[in-house]
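# Residue-level structural notes
Single-letter residue listing:
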Amino acid sequence: MDRKISPADSLSGVVRLPGDKSISHRYAMLASIAEGRSEIHNYSSGADCASTLACMRALGVPIEQRGDRVTVEGVGLDGLQRASKALDAGNSGSTIRMLSGILAGQPFATNIFGDESLTRRPMQRIMTPLAAMGAKIDARDGNYPPLVIHGGKLTPIDYVSPVASAQVKSAVLFAGLFAPGTTSVTEPVATRNHSEIALRELGADVRVDGLRVAIQGRPRMTGRRLDVASDISGAAFFLVAGLLLPGSDLTIEGVGLNPTRTALLDVLRSMGATIEILRSEARNGEIVGDLRVRSPASGAAIDGGVIAGDMTAGVIDEIPVLAVLGACSRQGLEIRDAAELRVKETDRIATVAENLGRMGVAVETFPDAMRIPGNQKLRAAELDSFGDHRIAMAFVVAALAADGPCTMRDAEAASVSFPEFYEVLEGLRG
Ligand code: S3P
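This structure is a prediction, so every number in the text was calculated from the model and none was measured.

This part is about the site of the ligand. Around the ligand, the neighbouring residues are Ser 22, Arg 26, Ser 94, Arg 97, Ala 164, Ser 165, Ala 166, Gln 167, Arg 192, Ile 316, Asp 317 and Lys 344. In this structure, an oxygen atom belonging to the ligand sits 2.9 Å away from a main-chain N or O atom of Gln 167. Residue Lys 344 places a side-chain N or O atom 2.6 Å away from an oxygen atom belonging to the ligand. Looking at the shell around the ligand, the elements that each hand over two or more residues are helix H1 (21-33), helix H3 (93-103) and helix H5 (166-176). Here the shell around the ligand is built from residues that sort into three nonpolar, four polar and five charged.

What follows is the structure in structure tokens.
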């Protein structure tokens, strides 16, 4: 579906976002293998998290959903059942990779596939550690979905991961639940730690020592009420829109502010943005708070900068929208050490560059980097999501600041993480 996006003068109001996608996946998977009932509140409305629920149901877990409230009747570590048909992970890399860790520990085989985009995403990164633990996994060309996961008795490993990926870390920790003894993962840089927090919240023994995370196998996990913080990666689109449109004033409520996710705020502040944290509290071991972004009527003075090293891993999902801000910044933005962007829902170096180019913005790309000079104007253009939710939303934000109406092709891709995105946005126009 094409969608016309008119420029906006400013955005103002209070924003409530869907539950965090990363946290929702983990709660659904772990509540399923805990004992007893969990009630998950503010569960993500995105299609990706619906894929996880469908997979868990297909594995025999009773799950009911009413709006954003999901009730999971946990079946315990040994209660999953062989699915009667192949599991469909849809567009969701988190579903296929993290669930593979759980499936590796089952006494049956499971087939799991996904959509066209997922079918191009690398799985070797989880296959290597899970095979070392004793699972046998078949993949197309040894690397791509569909996967056939022949689970079985697992043995603990100490895995040193070559990739900065919370999905890989989580797959190994989830498999470690089924292996008697201590399983550990050491990451090259710290990635989001929602799995560690959720596992602990449900009763597992997880220990963190620098970049090493260790889990004890065969824990007793029990269901409970779980409240999902709103998605900071969804907040990113509104924070950047608020900075790009002079006179904006947005308050974003109940956002997850886990320090492994707030590198975005550090980057925006280092570029000169004023973002206040109005209130924060702990919920289920996660930090949740309200954010306020304001830009003066004369426009926010946004400096450029360089995003590199650990910082890149910390903002990996927000880079598309940061690239848009970079084009309008004073010195421009350089993003380095970002080869992972090439294997997201789309090749995000290519799709960001393509859309910026259509808007008349100069950009240089490299195998693992991009350089966007500053002080550039965003021209009205026909934009394309290329089926990637974050590309859709990043360039709708760009369209708000363009010099005329833009079209977004395949605009509904946003619903993978944020089905209400357009409605929320329209409600904030000044
Ligand atoms: C996620 C981890 C990141 C991120 C993805 C969600 C997670 O992927 O890009 O959107 O929930 O663990 P990688 O683990 O591939 O870096």
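Our next topic: helix H8 (residues 263-270). Inspection of H8 places Ala 263, Leu 264, Leu 265, Val 267 and Leu 268 among the buried residues, and these make up the whole buried set. Buried positions along H8 lie against helix H7 (232-244), strand S16 (275-283), strand S17 (286-294), strand S18 (305-307), helix H9 (310-314) and helix H10 (319-328).

The next point concerns the pattern of salt bridges. By the definition in use, this model includes 36 salt bridges. In this structure, Asp 48 engages Lys 21 in a salt bridge whose closest nitrogen and oxygen atoms are separated by 3.4 Å. Pair noted here: Asp 48 is in helix H2 (residues 47-58) and Lys 21 is in helix H1, with a separation of 27 residues, a long-range link. Comparing Asp 48 with Lys 21, the two get one shared label, buried. With its nearest N and O atoms 2.6 Å apart, the salt bridge here joins Arg 292 to Asp 249. Here the residue Arg 292 occupies a position in strand S17, and Asp 249 occupies one in strand S15 (residues 249-256), the gap between them amounting to 43 residues. With relative accessibility at 23%, the residue Arg 292 sits in the partly exposed group. Its relative accessible area of 24% is what places Asp 249 among the partly exposed residues.

This part covers the environment of Gly 289. Tracing the chain through its elements places Gly 289 in strand S17. Considering only alpha carbons, one finds Gly 289 and Phe 178, 111 residues apart in sequence, at a separation of 35 Å.

When you line up the elements, Thr 312 lands in helix H9. Of note is the side chain of Thr 312, whose polar atom sits 3.4 Å from the backbone nitrogen of Ala 308. For Thr 312, the contacting residues outside a window of four places in its chain are Ile 307, Ile 319, Arg 336, Asp 337 and Ala 338.

Attention now goes to the sheet that holds strand S5 (residues 69-75). Overall, mixed pairing links the four strands, which are arranged S4-S5-S3-S14 in an open sheet. The open sheet terminates on both sides in strands that have one partner only, identified here as strand S4 (63-66) and strand S14 (225-227). With direction set aside, neighbouring strand axes in the sheet form an average angle of 15°. Looking at chain direction, S4 and S5 are connected through four bridges and run antiparallel. By the bridge assignment, Arg 66 is partnered in S5 with Arg 69.

Moving on: the sheet that holds strand S21 (residues 369-372). Within the open sheet, the four strands sit side by side as S18-S19-S21-S20. Their pairing is mixed. Single-partner strands in this sheet number two, and they are S18 and strand S20 (364-366). With direction set aside, neighbouring strand axes in the sheet form an average angle of 10°. With three bridges joining them, strand S19 (residues 333-335) and S21 adopt antiparallel strand pairing. Bridge pairing in S21 places Ile 335 opposite Met 370. The strands that H10 touches are S18, S19 and S21; relative to S19, the one it contacts most, it runs at about 150°. On top of the sheet, helix H11 (residues 348-358) reaches S20 and S21; it is set at about 20° to S21, its chief contact.

Turning to the packing of aromatic side chains, a few remarks are in order. Any aromatic ring pair is given by two values, namely how distant the centres are and how the planes are angled relative to each other. For the coordinates displayed, the defined rule picks out five aromatic pairs. With 6.1 Å between their ring centres and 55° between their planes, Phe 238 and Phe 418 make a pair best called tilted. Within this pair, whereas Phe 238 is found in helix H7, its partner Phe 418 is found in the loop between strand S23 (406-409) and helix H13 (421-426), the two being separated by 180 residues in sequence. As far as the burial class goes, Phe 238 and Phe 418 line up, both buried. With centroids separated by 5.2 Å and ring planes inclined at 75°, the aromatic side chains of Phe 421 and Tyr 422 adopt a geometry described as edge-to-face. For Phe 421, a relative accessible area of 0% translates into the label buried. A relative accessible area of 8% means that Tyr 422 is categorised as buried. Taken together, the aromatic side chains of Phe 237, Phe 238, Phe 418, Phe 421 and Tyr 422 make up a single cluster linked through ring pairs.

Rules used in this analysis
- Residues numbered from 1 in each chain as written.
- Predicted model: local features only at pLDDT ≥ 70, side-chain atom pairs only at ≥ 80, totals over all residues.
- Heavy atoms only, no water.
- Near = heavy atom within 4 Å.
- Polar contact = N/O pair within 3.5 Å; in protein donor to acceptor, adjacent residues only side chain to side chain.
- Helix = DSSP H or I, 4+ residues; strand = E, 2+ residues; numbered from the N terminus.
- Nonpolar A, V, L, I, M, F, W, Y, C, P; charged D, E, K, R; others polar.
- Buried < 20%, exposed > 50% of the residue type's maximum accessible area, 1.4 Å probe, protein only.
- Contact = heavy atoms within 4.5 Å.
- Salt bridge = Lys/Arg side-chain N within 4 Å of Asp/Glu carboxyl O.
- Pairing = 2+ DSSP bridges.
- Axes fitted to C-alpha atoms, helices over the stretch in contact; angles between N-to-C directions.
- Phe/Tyr/Trp six-rings, centres within 6.5 Å; stacked < 30°, edge-to-face > 60°.

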